[in-house]
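Here is how the chains run, residue by residue.
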Amino acid sequence: MKYIARFFVFAIIFGFCGRPVLAQIYGTNTFEFQFGNLPFEEDTDLTTSYNQLNLYYDSDKISLFGKFEQFFTPFKSRNYFDVTQKRFQFQDDNLRIRIGNFYETIGSGLLLRSYDIPGSVFESDFYRTRYAFFRDLEGIAFDADLDWAEIKAVRAEPLQNDLPPNFEPDSVRRPDLVEALQATFFPTDDLSVGAAFMRVNTPFSSDYSEFVSLISSVQLPASFQVFSEYAFNTSSDIFSFSRNQSYALYAGLNYYKGSFGGSFEYKNYNNFRLGSSGFNDPPSLIKEHTHPVLNRSTHVPNTANERGIQVEAFYSFDGGHSLVANYASTINNVARRSRFFEYFLEGTYKVNDNLTLKSFADYAKDDPKGQDNRISLGLIADKGFQNSKNIILDVQYQNFDELGQSDKSENVFASLSFGFSSGLSVSAVFESTTEPGLTDNPNTFPEIETDPRTWFGLNSLYKINASNSVALFIGTRRGGPACTSGICYEILDFEGAELRITTRF
Amino acid sequence: MKYLLIFSFLLGSTFSANNEIPNFRLKNLDNRTVSFNQIKGENLTVIDFWATWCKPCVKSIPEFVKMDEEFDDDDVKFIGISIDGPRNEAKVKPFIKSLGVKYPVLRDSDSSVMARLRVTAVPTLLIVNSDNEVLYFHEGYKSGEEVEIKEKIKELLEE
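Rules used throughout
- Residues numbered from 1 in each chain as written.
- Chains lettered and ligands numbered in written order.
- Predicted model: local features only at pLDDT ≥ 70, side-chain atom pairs only at ≥ 80, totals over all residues.
- Helix = DSSP H or I, 4+ residues; strand = E, 2+ residues; numbered from the N terminus.
- Rg over C-alpha atoms; globule rule 2.2 N^0.38 Å.
- Buried ≥ 20, exposed ≤ 12 C-beta atoms within 10 Å, placed from the backbone.
- Contact = placed C-beta atoms within 7 Å.
- Nonpolar A, V, L, I, M, F, W, Y, C, P; charged D, E, K, R; others polar.
- Core = buried A, V, L, I, M, F, W, Y, C linked by C-beta atoms within 7 Å.
- Pairing = 2+ DSSP bridges.
- Axes fitted to C-alpha atoms, helices over the stretch in contact; angles between N-to-C directions.
- pLDDT = per-residue confidence, 0-100.
- Domains from an automatic or database assignment.
- Expected span 1.5 Å × (residues − 1).
- Bend = angle between axes of the 7 residues up to and from the residue.

**Notes on the overall build of chain A**
Then step 1. In terms of regular secondary structure, chain A is built from three helices and 30 strands.
Then step 2. Computed over its C-alpha atoms, the radius of gyration of chain A comes to 25 Å, within 12% of the 23 Å expected for a compact globule of 505 residues.
Then step 3. Here chain A, with 505 residues, has 36% of them falling under the buried criterion.
Then step 4. Looking at chain A alone, contacts between residues at least 24 apart form 49% of all its contacts between residues at least 6 apart.

See the structure below:
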């Protein structure tokens, strides 16, 4: 009886007796079916299905959201159905309140960063469970915009996303409690200054760690922009920069004039992995590559101690040609001193309206991975035809000296893609490696395989219409580290067939 | 209890059959928060989701710069939304300036607006009318597709 009474109360509040509001429900659904397994797995031909439904409801200033995930395999312990995100949001022109699961970043991410990678499906190597890859916050957030200031306040628990949704106890997936307040002021159109205060409660501790961040951005004359953020633990000495303190400094300068653009960035991080889940993400200052041989060779910052710079310059020529040059250098000093540096040059030459050539060259030293004299080269040719058809040939090569190995390790990537005007595209991808860590089959220990290892796969994607698409993969796919939107995570090898159906409604 | 709340909430609303986008808010390249309704076009708005690291996006942007100039008198507004995270934010402004972009560019560094607009890949282009209804949705970019996009804008302007 009391539920019926409550129903009427809510119905009255939300519109029965008020003015009806225009509302809509919409969403996306991703279904993925796999038949196959990891290449070295003994139980072959594992069948799995994964489904992710994102459902939104918008009505004037109110919106609701739910993410529903389901994973099914022959192994009961891996299966789950869960509402992995839910959110209530109120928003008008100057105010926003969110309750439930949401995303928020403080400053440049030195103190707190959350993210979503829409459409991604992550598979945990240890739990062999598939789930959406995101790091959200669960709690409440408030933000307000005024002409002269912006204020945000957050009280939430960040997700530890290396644990799958069916992990028990669930509380372990959100071990930290974060309370943060950030205020940014705009004294002039060209200047913003701000500060953030954050306190963190970690498991098994009744004490709070407290952090402060100072943020500024100045647009200078002649198209220069300078920005900086300095964050520190309040128990550390401010601006001391000594080894036993906890701080993070990030600063940058960018410039553009005509067809030229450039940026310079500096980082200095020390004892700055925050919380037990590591929910902050200071900028890495490493070039983000989409070329496969370089994408998986990226450097992930070690916030225990890391400092370095990144310089990038780009120029767009008349006729659609362009040039990009990047230099990044990083030094870690944790148990021992290690260095990463990388020189990268990429040129795009538009031969005519239908043919574009792109090439890159990269030279790097990567002490944390034990790689030296790493040379990567690539050539991509994109030929367009009438009616939006095209062919892309992409060939990439990499070699390097690996610590403890007498021979150079080599990686080869080649793909040939065809795009058709009907919405169909198909591609063939070949990869090979002589990296000792990848050629060896761990199941045959103590035997060590050293023959080159190869992968070959066929991809096809058919866009049925603007709302539906079907993708099919057949063959073997190389895994390894992958970076998307600045977030790096591990992808597992796969051998078999994979079908993905994506729907927007 | 919570299901009652949701159910009564839904009943209290009138559903729209239209495919509307919400009035989202994002920071621009001067670090100021703006809402979509503040900067959208009088007639049509073309929203381009892109990133500095996305090869097809970089190829498509010069074509949108040309279209932005071409449709300037027709109340068609272009808006770029960069999904670059803090890792690449320093590069976004000089990068788009070097490409001659004059239209507003916003930053969706956690991809939350991207997800809310049901975009799962970059580049993705949406054409939205003055009532925020999505009239056209285009995922990916291949050389030559700018012709199709331009024709679509012309067709929608004539309607």
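**Some details on the overall build of chain B**
Then step 1. Looking only at helices and strands, one finds six helices and eight strands in chain B.
Then step 2. Secondary structure elements of chain B occur, N-terminal to C-terminal, as α-β-β-β-α-β-α-β-α-β-α-β-β-α.
Then step 3. Taking contacts inside chain B between residues at least 6 apart in sequence as the whole, the part at least 24 apart equals 72%.

**With respect to the interface of chain A and chain B**
Then step 1. In this complex, chain A contributes 75 residues to the contact, which on the side of chain B involves 57 residues.
Then step 2. A per-class count over the side of chain A that touches chain B returns 26 nonpolar, 34 polar and 15 charged.

**What to know about the nonpolar core**
Then step 1. Within the largest apolar cluster, 39 residues are counted, with the highest numbers of intra-cluster contacts made by Ile47(B), Phe49(B) and Ile81(B).
Then step 2. Sorting the residues of this core by element identifies β4 (44-50), α3 (55-70), β5 (76-82), α4 (89-98), β6 (105-107), α5 (112-116), β7 (124-129) and α6 (145-158) of chain B as the ones contributing at least two each.
Then step 3. No other element matches β4(B), which puts five residues into this core.
Then step 4. Once you skip the residues sitting within four places of it in the chain, Ile81(B) turns out to touch Leu26(B), Ile47(B), Asp48(B), Phe49(B), Leu106(B), Asp108(B) and Val113(B).
Then step 5. Listed in part, the 36 residues of the second largest apolar core include Phe71(A), Phe211(A), Tyr247(A) and Tyr269(A).

**Notes on unusual backbone geometry**
Then step 1. Residue Pro169(A) is bonded to the preceding Glu168(A) through a cis peptide linkage, with omega at -5 degrees.
Then step 2. Turning to its location among the elements, Pro169(A) is positioned in the loop between β11 (149-158) and β12 (177-188).
Then step 3. Along the chain, Val122(B) connects to Pro123(B) via a cis peptide bond; the corresponding omega equals -5 degrees.
Then step 4. Unusually for a residue other than glycine, Phe241(A) sits at a positive phi of about 55 degrees.

**Side note on the sheet that holds strand β3 (residues 33-35) of chain B**
Residues and elements named next belong to chain B.
Then step 1. Spatially, seven strands are ordered β3-β2-β6-β5-β4-β7-β8 in an open sheet, and the strand pairing comes out mixed. The open sheet terminates on both sides in strands that have one partner only, identified here as β3 and β8 (134-139). Strand-to-strand twist in this sheet, taken as the mean axis angle between neighbours without regard to direction, amounts to 30 degrees.
Then step 2. In this structure, strand β2 (residues 25-28) lies alongside β6, joined through two bridges in antiparallel fashion.

**Overview of α4(B)**
Then step 1. Most of α4(B) sits inside the fold, with 10 of its 10 residues counted as buried.
Then step 2. Residues of α4(B) that are buried: Glu89(B), Ala90(B), Lys91(B), Val92(B), Lys93(B), Pro94(B), Phe95(B), Ile96(B), Lys97(B) and Ser98(B).
Then step 3. Looking at the packing, one finds that the buried side of α4(B) touches β15 (224-233), β16 (247-257), β17 (260-270) and β18 (305-316) of chain A together with β5 and β6 of chain B.
Then step 4. Downstream of α4(B) by one or two residues, Gly100(B) has phi in the positive range, about 80 degrees.

**A few points about the confidence of the model for chain B**
Residues and elements named next belong to chain B.
Then step 1. Looking at chain B as a whole, its pLDDT mean stands at 85, while 89% of the residues score no less than 70.
Then step 2. For chain B, the element scoring lowest by mean pLDDT is helix α1 (residues 2-11), at 44; β4 scores highest, at 96.
Then step 3. Within the model, the stretch residues 1-17 combines pLDDT values under 50 with 32 contacts to residues more than four positions away or in other chains.
Then step 4. Note on the complex model: pTM 0.89, ipTM 0.82.

**Thoughts on the domain arrangement of chain A**
Residue and element names in this part refer to chain A.
Then step 1. On domain assignment, one finds that chain A holds domain 1 (57-283) and domain 2 (288-505).
Then step 2. On a C-alpha basis, the centroid separation for the pair domain 1 and domain 2 is 27 Å.
Then step 3. Taken together, the 23 residues of domain 1 in the interface contact 22 residues of domain 2.
Then step 4. Those elements giving two or more residues to the side of domain 1 that touches domain 2 turn out to be β8 (115-123) and β17.
Then step 5. In terms of residues, the side of domain 1 that touches domain 2 owes the most to one element, β17, which gives 11 residues.

**Notes on the confidence of the model for chain A**
Then step 1. A residue-level look at chain A finds 95% of positions with pLDDT of 70 or above and a mean pLDDT of 90.
Then step 2. For the stretch residues 7-20 of chain A, pLDDT sits under 50, and the model shows 21 contacts to residues farther than four places along the chain or on other chains.

**Description of the pairing of strand β25 (residues 424-433) of chain A**
Residues and elements named next belong to chain A.
Then step 1. Pairing geometry for strand β24 (residues 409-419) and β25, over nine bridges, is antiparallel. Its bridge partner being in β25, Leu416 is matched across the sheet by Ala428.
Then step 2. Hairpin connection from β24 to β25: four residues lie between these consecutive antiparallel strands, with Gly423 at a positive phi of about 95 degrees.
Then step 3. Across 10 bridges, the pairing between β25 and strand β26 (residues 453-463) is antiparallel. Residue pairing in the sheet places Val429 in a bridge with Gly457 of β26.

**Some remarks on the environment of Lys102(B)**
All names here are of chain B.
Then step 1. Examined against the element boundaries, Lys102 turns out to sit in the loop between α4 and β6.
Then step 2. Given 12 C-beta atoms within a 10 Å radius, Lys102 is considered exposed.
Then step 3. When the C-alpha positions of Lys102 and Glu69 are compared, they lie 9.1 Å apart, and in sequence the two are 33 residues distant.

**Section: α3(B)**
All names here are of chain B.
Then step 1. With 16 residues, α3 extends 24 Å from end C-alpha to end C-alpha; this agrees with the ideal 22 Å at 1.5 Å per step.
Then step 2. In α3, a bend of some 25 degrees at Ile61 exceeds every other bend along the element, and Pro62, a proline, comes one to four places later.
Then step 3. Where α3 is concerned, the buried positions are Cys57, Val58, Lys59, Ser60, Ile61 and Phe64.
Then step 4. Buried residues in α3 make contact with β4 and β5.

**Quick notes on the environment of Gly457(A)**
Residue and element names in this part refer to chain A.
Then step 1. Summarising the element assignment, Gly457 is placed in strand β26.
Then step 2. Taking the number of C-beta atoms within 10 Å as the measure of exposure, Gly457 has 20 and is therefore buried.
Then step 3. Linking Gly457 and Val429, residues 28 residues apart in sequence, is a C-alpha distance of 5.3 Å.
Then step 4. Setting aside its immediate chain neighbours within four residues, Gly457 contacts Val429, Phe473, Ile474, Gly475, Thr476 and Arg477.

**Observations regarding the pairing of strand β21 (residues 355-366) of chain A**
Working note: regular strand, side chains alternate between the two faces of the sheet.
Residues and elements named next belong to chain A.
Then step 1. The two faces of β21 differ: Thr356, Lys358, Phe360, Asp362, Ala364 and Asp366 on one face are buried, but Leu355, Leu357, Ser359, Ala361, Tyr363 and Lys365 on the other face are not.
Then step 2. One ladder, built from 12 bridges, connects strand β20 (residues 337-352) with β21; its direction is antiparallel. Looking at β21, one finds that Phe340 is bridged to Asp366.
Then step 3. Hairpin connection from β20 to β21: two residues lie between these consecutive antiparallel strands.
Then step 4. Between the end of β21 and the start of strand β22 (residues 371-384), which pair antiparallel, lie four residues, with Gly370 showing a positive phi angle near 70 degrees.

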